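Chain by chain, the residues:
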Amino acid sequence: MEDKVREIISKYDSDKAFLVPILQDVQKEFNHLPHKALHRVSVFLDVPISRIYEVATFYKAFSLTPRGDHQLTVCIGTACHVRGAQNLTDHIERILGIKPGETSGDLKFSFDTVNCVGACALGPILEADGDYHGKMTISKSNKLLKKLGKKVVTDEED
Ligand code: FES
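Everything quoted here is computed from the prediction, not taken from an experiment.

### Overview of helix α2 (residues 19-30)
With twelve residues, α2 extends 16 Å from end C-alpha to end C-alpha; this agrees with the ideal 16 Å at 1.5 Å per step. Those residues of α2 that sit buried are Leu 19, Ile 22, Leu 23, Asp 25, Val 26 and Gln 27. Its buried side turned inward, α2 meets α1 (2-11), α3 (35-45) and α4 (49-58). Directly after α2, the chain includes Asn 31, whose backbone phi takes a positive value near 70°.

This is the structure:
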């Protein structure tokens, strides 16, 4: 882990001004921000560990616990809400067996909600691994989940 963290930091010339991109790379490498890695970042950049944790907990994109291989996020902003985002959220919770903010026990899926991703006309939006899927329906979400390797057994349709 130490070598990997050192390698990431050296890409940024050990410049503490790049703390956020450095943490983004660490998150990408380990799928979360392990305490040991944050400690190494603190030592290598000579930034107090308290400051590292401040940044790590400020941004929603960072996670201190392991994330799933796939990230699903339902937009629950007003425009998506009136087009059925709550049903979609309930459905995905049921299929994955987790609530927003959680990761499945097998570390395959993490699930979250967000307030508006700026594509309101296409709502409801389901973001899967960074890709936006608009006008999402229950049956479309089932297809997407199956494509991501989730076994979907449900009678629910749109
Ligand atoms: S409310 Fe969902 S994209 Fe704006």
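### Digging into the packing of aromatic side chains
On inspection of all chains with the given rule, the structure shows three aromatic pairs. Between Tyr 12 and Phe 18 the ring centres are 5.6 Å apart and the planes differ by 35°, which places this aromatic pair in the tilted class. Taking the relative accessible area as the measure of exposure, Tyr 12 reaches 18% and is therefore buried. For Phe 18, a relative accessible area of 36% corresponds to the partly exposed category. With a centroid separation of 5.9 Å and an interplanar angle of 85°, the aromatic rings of Tyr 59 and Phe 62 are classed as edge-to-face. Judged by its relative accessible area of 9%, Phe 62 is buried. Across from the ring centre of Phe 44, 5.2 Å away, lies the NZ or CZ of Arg 40, which sits over that ring.

### Some words on the domain arrangement of the protein
For an interface, size is often stated in terms of accessible area lost upon the parts coming together. Split by domain assignment, the protein resolves into domain 1 (2-58) and domain 2 (70-147). For domain 1 and domain 2, the distance between their C-alpha centroids amounts to 30 Å.

Thresholds applied
Residues numbered from 1 in each chain as written. Predicted model: local features only at pLDDT ≥ 70, side-chain atom pairs only at ≥ 80, totals over all residues. Heavy atoms only, no water. Helix = DSSP H or I, 4+ residues; strand = E, 2+ residues; numbered from the N terminus. Expected span 1.5 Å × (residues − 1). Buried < 20%, exposed > 50% of the residue type's maximum accessible area, 1.4 Å probe, protein only. Contact = heavy atoms within 4.5 Å. Phe/Tyr/Trp six-rings, centres within 6.5 Å; stacked < 30°, edge-to-face > 60°. Lys NZ or Arg CZ within 6 Å of the ring centre and 35° of its normal. Domains from an automatic or database assignment.

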